[in-house]
Amino acid sequence: MISRRSLVAGLAALAAPAMTGCAERPSRLPATVRPVTSPSAAGLDAVIDVSHTSQVSDFSQMRNAGGILAVIHKATEGGDWLDPAYAVRRADAEATGLLWGAYHFGTHQYSGAQQAATFLAAAQPGPTTLMALDLEPNERRPSNTMDIGQAEEFVQTVYQSTGRLPIIYTHPTWANGGVYGRARISLGGAISPQSILASCALWLADYRMEPELPLAWAGRGWRLWQYAGDDYQGGGGPFGPLSRAVAGVDRCDRNLFAGDATALYQFWSGGGNAV
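Cut-offs applied
- Residues numbered from 1 in each chain as written.
- Predicted model: local features only at pLDDT ≥ 70, side-chain atom pairs only at ≥ 80, totals over all residues.
- Heavy atoms only, no water.
- Buried < 20%, exposed > 50% of the residue type's maximum accessible area, 1.4 Å probe, protein only.
- Helix = DSSP H or I, 4+ residues; strand = E, 2+ residues; numbered from the N terminus.
- Arc of directions from axis to C-beta.
- Contact = heavy atoms within 4.5 Å.
- Polar contact = N/O pair within 3.5 Å; in protein donor to acceptor, adjacent residues only side chain to side chain.
- Core = buried A, V, L, I, M, F, W, Y, C linked by side-chain atoms within 4.5 Å.
- Salt bridge = Lys/Arg side-chain N within 4 Å of Asp/Glu carboxyl O.

Draft legend 1. Inspection of helix α8 (residues 261-269) at higher detail. Here α8 has its buried residues at Leu264, Phe267 and Trp268. End-on view of α8: buried residues confined to an arc of 95°, all on one side of the axis. On its buried side, α8 packs onto β1 (44-50), β2 (70-77), β4 (99-105), β5 (130-134), β6 (167-170) and β9 (253-257). The N-cap of α8, judged by a side-chain oxygen 3.3 Å from the amide nitrogen of Thr262 a few residues on, is Asp260. With its phi angle positive at about 65°, Gly271 sits one or two positions after the end of α8.

Draft legend 2. How the structure looks around the nonpolar core. In this structure, Ile48, Met62, Val71, Leu135 and Ile191 are the most contacted members of the largest nonpolar core, which totals 51 residues. Here this core gets five residues from one element, more than from any other, and that element is helix α6 (residues 148-162). Discounting residues that sit within four places of it in the chain, Val71 has contacts with Ile48, Val50, Phe59, Met62, Leu98, Leu99, Trp100 and Gly101.

Draft legend 3. Representation of the environment of Thr118. Structurally, the position occupied by Thr118 is in helix α5 (residues 112-123). By relative accessible area, Thr118 is classed as buried at 15%. Separated by 37 residues in sequence, Thr118 and Trp81 have C-alpha atoms that sit 8.4 Å apart. Excluding residues within four positions of it along the chain, Thr118 makes contact with Thr76, Gly78, Gly79, Asp80 and Leu82.

Draft legend 4. Looking closely at the environment of Asp92. In this structure, Asp92 sits in helix α4 (residues 86-95). For Asp92, a relative accessible area of 40% translates into the label partly exposed. As a C-alpha pair, Asp92 and Asp58 span 34 residues in sequence and 8.9 Å in three-dimensional space.

Draft legend 5. The arrangement of the pattern of salt bridges in detail. Within this structure, the stated rule accounts for six salt bridges. Ionic pairing is found between Asp45 and Arg254, a salt bridge with its closest N-O pair at 3.1 Å. Within this pair, whereas Asp45 is found in strand β1, its partner Arg254 is found in strand β9, the two being separated by 209 residues in sequence. Put simply, Asp206 and Arg208 hold a salt bridge, and the shortest N to O gap is 2.7 Å. Taken together, the salt bridges that share partners define one network made up of Lys74, Glu77 and Arg140.

In structure tokens, the structure reads:
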């Protein structure tokens, strides 16, 4: 992701104040997997996400030596930027038997529908391509941060075009309407359980040992949990330098899947719609 340790850590620091006055705190991991002392205690550690900024050397090594089963690659940003490494890497990854996913980094400059059209044209999703919307603060250009209305329009357009919902990547504080940074940017409000966004599977970004669920997903839980980032020496997150410990790639974000390998393949075969 474009996710950075400073961004996720900054949102995490806002978590407690953001929840002040709420009648109900977000659900956390089930007691059977808490406290989390290693990634495998909470889920299947077999999914990474990358972009053109990551140096991928060998997808076969990634799968056979690194234990990775699925790769989610950045495809687009906004309404006019395409990741130059996406198409070539997709062919190489799928040739090795890896599951493939594509994500879009949302911005404010273009409508949600325009961004969805750009994403679908570039990602060329097949029936087993996991699609994702990266919904987070735009650190580089705070005023160009996607808001809730644009995100909902993006999801609706993807659904109308493919019959499938993308998975939503977000941090709990951001999804709950918290503000971020000196510019005090936000989604414009909390995602409600009635939003089409809440109908999507959740890709949770939270580098704390015990992640929180956004309120809109409190009754469903996460399907993917990004627990470590690629952004600084040693890797972000509670489990140490795992973001730099995958064979075949110099750095990546690490993600747990809520289930075993069989469930992961079922989830992917449904394009992320499986529950």
